[in-house]
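Given next are the chains, with one letter for each unit.
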Amino acid sequence: MKKEKKEVKLCGSLLCPITIGRPAIFASGGKVYHTSRVVALHEQTEENTHFETVNTHYHLSTSPFPLAAMSPLPVRLAACA
């Protein structure tokens, strides 16, 4: 009998790109997570990343601030004169 994989849903941001065969590294809730080896990348958008490791399915949401998670620099609006 095949064991079901655990499902983990978090709000956070990737610290490096997902690479098949390598661990994923992401931040969530003030902690940095290192996963087991990634075996599949199912979805990757600005708002969500769904990937599968040897042990777990991860659903990582960057909402409510997807662009802030993607940009390494703070973004500020400029006023027009």
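Residues numbered from 1 in each chain as written. Predicted model: local features only at pLDDT ≥ 70, side-chain atom pairs only at ≥ 80, totals over all residues. Heavy atoms only, no water.

### Remarks on the overall build of the protein chain
A count of helices and strands for the protein chain gives one helix and six strands. Its helices and strands in sequence order give the protein chain the pattern β-β-β-β-β-β-α, from N to C terminus. For the protein chain, the residues scored as buried account for 26% of the 81 residues in total. When the accessible surface of the protein chain is split by element, carbon and sulfur atoms take 59% of a total near 6,200 Å². (Helix = DSSP H or I, 4+ residues; strand = E, 2+ residues; numbered from the N terminus. Buried < 20%, exposed > 50% of the residue type's maximum accessible area, 1.4 Å probe, protein only. Areas by Shrake-Rupley, 256 points an atom, 1.4 Å probe, with all protein chains shown as cover.)

### What about the nonpolar core?
Val8, Ile18, Ala24, Phe26, Val38, Phe51, Tyr58 and Leu60 form the largest nonpolar core, which has eight residues in total. Counting only elements with at least two residues in this core, the list comes to strand 3 (23-28) and strand 6 (56-61). In this structure, Val38 is in contact with Ile18, Thr19, Ile20, Gly21, Arg22, Pro23, Ala24, Phe51, Glu52 and Thr53, ignoring residues within four places of it in sequence. (Core = buried A, V, L, I, M, F, W, Y, C linked by side-chain atoms within 4.5 Å. Contact = heavy atoms within 4.5 Å.)

### Describing the pattern of salt bridges
Going through the model one piece at a time under the given rule, you end up with one salt bridge. Lys5 serves as the salt-bridge partner of Glu52, at 2.7 Å between the closest nitrogen and oxygen. Pair noted here: Glu52 is in strand 5 (residues 48-53) and Lys5 is in the segment before strand 1 (6-11), with a separation of 47 residues, a long-range link. On the basis of relative accessibility, which here comes to 15%, the residue Glu52 falls in the buried class. Using a relative accessible area of 27% as the deciding quantity, one classes Lys5 as partly exposed. (Salt bridge = Lys/Arg side-chain N within 4 Å of Asp/Glu carboxyl O.)

### Some points on the environment of Glu47
Among the secondary structure elements, Glu47 is positioned in the loop between strand 4 (31-44) and strand 5. With 14 residues separating them in the primary sequence, Glu47 and Ser61 have C-alpha atoms 5.8 Å apart.

### Some details on the packing of aromatic side chains
Enumeration over the complete set of coordinates arrives at four aromatic pairs. On the basis of an interplanar angle of 15 degrees and a centroid distance of 5.2 Å, the ring pair of Phe26 and Tyr33 is categorised as stacked. A relative accessible area of 1% places Phe26 in the buried class. Taking relative accessible area as the criterion, Tyr33 reaches 31% and is therefore assigned partly exposed. (Phe/Tyr/Trp six-rings, centres within 6.5 Å; stacked < 30°, edge-to-face > 60°.)

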